[in-house]
Structure formats: structure tokens, C-alpha cells
Amino acid sequence: MRRIFSGIQPTGIPHLGNYLGAVRNWVTLQEGAECIYCVVDLHAITQPHDPKALAQATREMAAALIAAGIDPERSVLFHQSSVHAHVRLSWILECVARIGWLNRMTQFKDKAGKNRENVSCGLYTYPALMAADILAYRANAVPVGDDQRQHLELANDIAQKFNFDFCGEDPFFPVIEPVIFGPGARVMSLRDGSKKMSKSDTSEQSRISMTDDADAIALKIRRAKTDPEPLPSEPAGLEGRPEAANLVGIYAALADTDTAGVLRQFGGQGFGVFKPALSDLLVAKLSPIATETRRLLADPAALDALLRRGAEQARAIAEPIVDEAERLVGFLKL
Ligand code: AMP
Ligand code: TRP
């Protein structure tokens, strides 16, 4: 049986990269499997954060997920700090993971930059907590954007070492399959086709937020960096044109087609034609989600009740698994 788990940081309202790379796929996967989705607020404090804003950012992310189509009746939706099993297992897995493995993580290197000696220990052990998120449910499929591939490989290394060290012939943790979907798996900045669209980019113009209104979307797309050439009629013609490739990729993901399909329609046209078409498509797809997000946020008590119930469901699955992991490690369980 497939059990799906994924997490997203409470960065407030998600951006288009989060939506196309992750959330949209989470919605689709609900059809055929047991799904568990988590707003990872423990991960959010690995870097400087505003304690006054975190709870609201957690609600905003939960609301946006529900608005995008995560159905709390069908999937388990909760926030990480409300289920202590994550932290309990995380400590065990930190003791299984090797320093050398963590040293290879490119996202740590990117986030720490030149400040390596001064970032939190939590930022360094972040991938062990991520492994614990997944393994506390013994989930075996994890939909994410392409940037998380390395963290999932590490989670598998940790799971296998745990199995080898503590489980004899009978592996306790499953193999985790990364689920990474085609166009949209890597949405780039609107200002620089070599950087991924990110919450941490200082330029608001670099990303589209899921609650941007039609005017904001049109302006950001109009200003998006491009080149003077018309669109090619074949995907090969996008090589060396990262900004053009990004906009075509976004269109393809939203229109549920592929790059070739978009170029069959727009090949030979300039950005004067393509950009307005892309804006219209973005508005059509995002505005119902924005409206629903606002409606959900207007009733925080109802939203909190949904999250509380999600946490209960999550605890019911994770607690016995983490109890068993503790027994395997050898703790005295009274
Ligand atoms: P984060 O906001 O870092 O917690 O990311 C949440 C999810 O969005 C993860 O599955 C990421 O892989 C995905 N994601 C973040 N940025 C992008 C992007 N620019 N393109 C595609 N997926 C992304
Ligand atoms: N690290 C992921 C990101 O930044 C978020 C995350 C935390 C996650 N725990 C997870 C994703 C478990 C998948 C499974 O996007």
C-alpha cells in the first residue's frame, strides 16, 4: 500500500514554485492513496524568524493548501510542532546519520553561504528532521520539487542504516520513493532564469504569490526578464534561453501539457503575444484559490479546529511507529 507524506514550510502564502512543484501534485495524489501533508513549522525556526508571525504563517499555509484542493476529509493535514513523534524520531535519526553525509547537502551550503560557522545547528541537521517526518509514518512515496531530491536520498541512507544497525533480518523502515513531476518541478525566478523562484529572494517581482491579484500577476509577467527572440517551434530552440524556457514551462504546467505542446501553439510568436496569454492563464488558475484562501482565513477558529483534528489523526499513526523505533534502539519502555 502506498502511503504518501510531504511537507512545506510555513512561509505564509505559497508561491507559484511551491504550487507547481509540490502542492498541485499533492492534490492529484489524493485520488489513489493515503496522504499525509504537514506544515513544517519546526523546520521554519532553523533560520531567523519572527515569533510573532509564525503562527499566522502556519495558518496561511494551511489555508492555501486547503484552497488549492487538499481535502482535510480525505487527507491528514496538520502542523509539525503539534505531533511530538517528529522530534522524538529526529533525535534517533540524528544519531544514525553521519556527519559526512550531512556535509554533502547542497541546500545547507546554499543557505549557510559564507556564514557557515554562525548558522544554527538545526539548519545543519534539518535533513534528519525531514527524514523523521517521513519515517514517523513509514511513508514510502514523497512528492516534492526537484530541489529536495538530495534530501530524500539522504533519508533513504538514514533509513537503511537504521534497518541495518537495529533490525536484523526484518527492515523496519521502507524505501522512500521520490515523486517528482515534469514541467513545474523547477520554477525559476522571473528576474533571473538561473535562480529558482524562492520565498527568500529579496525582489517581490521575482515570484508570483498564490494570492496575487490579476493586476499584480499581469505586471510581474510583463516585467519578467526575457530575450528579444520569438519563441521557437521546437523545445531544442529553448536551449540557452533560460527565461523563455521558464515561462514556457510555467504555461505548460498550468495548461497540463508539455513544452512541445506550448510551442506548437506559440512557436514563432513574440513575448508581446505570449506574455498576455500566460497572465490570463495564471489569473484563471490562481484567482479561485486566492478567493478560497481568504475565505478560510476569515474564520481562524474553524481552520484551527481542522488542524487540531489533523494532528490527532497524525499522532494516531506516528506514535506507535516511533514507540517501536525506540524499542528497536533499546530504550527502556515502561
Ligand atoms: P519550501 O517552501 O522550501 O518548504 O518548499 C515546499 C515545496 O515546494 C517543496 O516540495 C519544494 O521542492 C517545492 N518548491 C520550492 N520552490 C520551488 C520552485 N522554485 N520550483 C519548484 N518547486 C519548488
Ligand atoms: N525540506 C522541505 C522543503 O524545504 C520541506 C519538508 C520538510 C519536507 N519535511 C518534509 C518535504 C518531508 C517532504 C517530506 O521543501
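Within every chain, residues take consecutive numbers counted from 1 along the sequence as written. All chains are assigned letters beginning with A, and all ligands numbers beginning with 1, in the order in which they are written. pLDDT decides what is reported in this predicted model: residues at 70 or higher carry local features, side-chain atom pairs at 80 or more are listed and counted, and totals for whole chains, interfaces and linings draw on all residues regardless. Water and hydrogen atoms play no part in the side-chain values, which are based on all heavy atoms of the structure.

Examining the site of ligand 1
Item 1. By nearness alone, 17 residues border ligand 1, and Gln9, Gly145, Asp147, Val187 and Met197 come closest of all.
Item 2. Whenever a nitrogen or oxygen atom comes within 3.5 Å of another N or O atom, the pair is scored as a polar contact, on the condition that within protein one atom can donate a hydrogen and the other can accept it, and that pairs from neighbouring residues in sequence are kept only if both atoms are in side chains. One of the backbone N or O atoms of Gly17 is found 3.1 Å from a nitrogen atom in ligand 1.
Item 3. Using a 1.4 Å probe, the Shrake-Rupley method yields the accessible areas, and only the shown protein chains count as cover for residues. Contact with the protein chains covers 90% of the free accessible surface of ligand 1, which is 490 Å².
Item 4. Secondary structure elements follow DSSP: runs of H or I of four or more residues count as helices, runs of E of two or more count as strands, with numbering from the N terminus. Ranked by residues supplied to the shell around ligand 1, first place goes to helix α1 (residues 16-29) with 4 residues.
Item 5. Gly is put with the polar residues, along with every residue not named as nonpolar or charged; the nonpolar set is Ala, Val, Leu, Ile, Met, Phe, Trp, Tyr, Cys and Pro, and the charged set is Asp, Glu, Lys and Arg. Looking at the shell around ligand 1, its residues break down into 6 nonpolar, 8 polar and 3 charged. Any residue with a non-hydrogen atom lying within 4 Å of a molecule or strand is treated as near it.

Section: the site of ligand 2
Item 1. Residues in contact with ligand 2 amount to 13 residues; listed here are only the nearest, Gly7, Tyr126, Met130, Asp133 and Gln148.
Item 2. In this structure, Tyr126 approaches ligand 2 through a side-chain N or O atom, which is 2.7 Å from a nitrogen atom.
Item 3. In the model, a nitrogen atom of ligand 2 is placed 3.2 Å from a nitrogen or oxygen of the Gln148 side chain.
Item 4. Relative to its unbound accessible area of 370 Å², ligand 2 is 90% covered by the protein chains.
Item 5. For the shell around ligand 2, the element with the highest residue contribution is helix α7 (residues 121-135), accounting for 4 residues.

With respect to unusual backbone geometry
Item 1. Residues other than glycine seldom take positive phi values, yet Arg138 does so here, at roughly 45°.
Item 2. Tracing the backbone through its elements, the reader meets Arg138 in the loop between α7 and β4 (141-143).
Item 3. Backbone geometry places Asp256, a non-glycine residue, at a positive phi of 55°.
Item 4. Classification of residues uses two cut-offs on accessible area relative to the type maximum, computed with a 1.4 Å probe and protein chains only: under 20% is buried, over 50% is exposed, and between them is partly exposed. Exposure remark for Asp256: the relative accessible area of 65% places this residue in the exposed category.

Digging into the packing of aromatic side chains
Item 1. Only rings of Phe, Tyr and Trp enter the pairing, Trp through its six-membered ring, and a pair is recorded when the two centres are within 6.5 Å. The plane angle decides the type: under 30 degrees is stacked, over 60 is edge-to-face, the rest tilted. A complete count under the given rule lists 12 aromatic pairs for this structure.
Item 2. With a centroid separation of 5.3 Å and 20° between ring planes, the pair formed by Phe5 and Tyr137 is classed as stacked. Placement of the pair is Phe5 in strand β1 (residues 3-8) and Tyr137 in the loop between α7 and β4, with a sequence separation of 132 residues. Each member of the pair, Phe5 as well as Tyr137, carries the same accessibility label: buried.
Item 3. Ring centres 5.0 Å apart and planes at 75° place the aromatic pair Phe266 and Phe274 in the edge-to-face group. No difference in accessibility class separates Phe266 from Phe274, as the two residues are buried.
Item 4. Taken together, the aromatic side chains of Phe162, Phe166, Phe172 and Phe173 make up a single cluster linked through ring pairs.

That is the geometry; function is a separate question.
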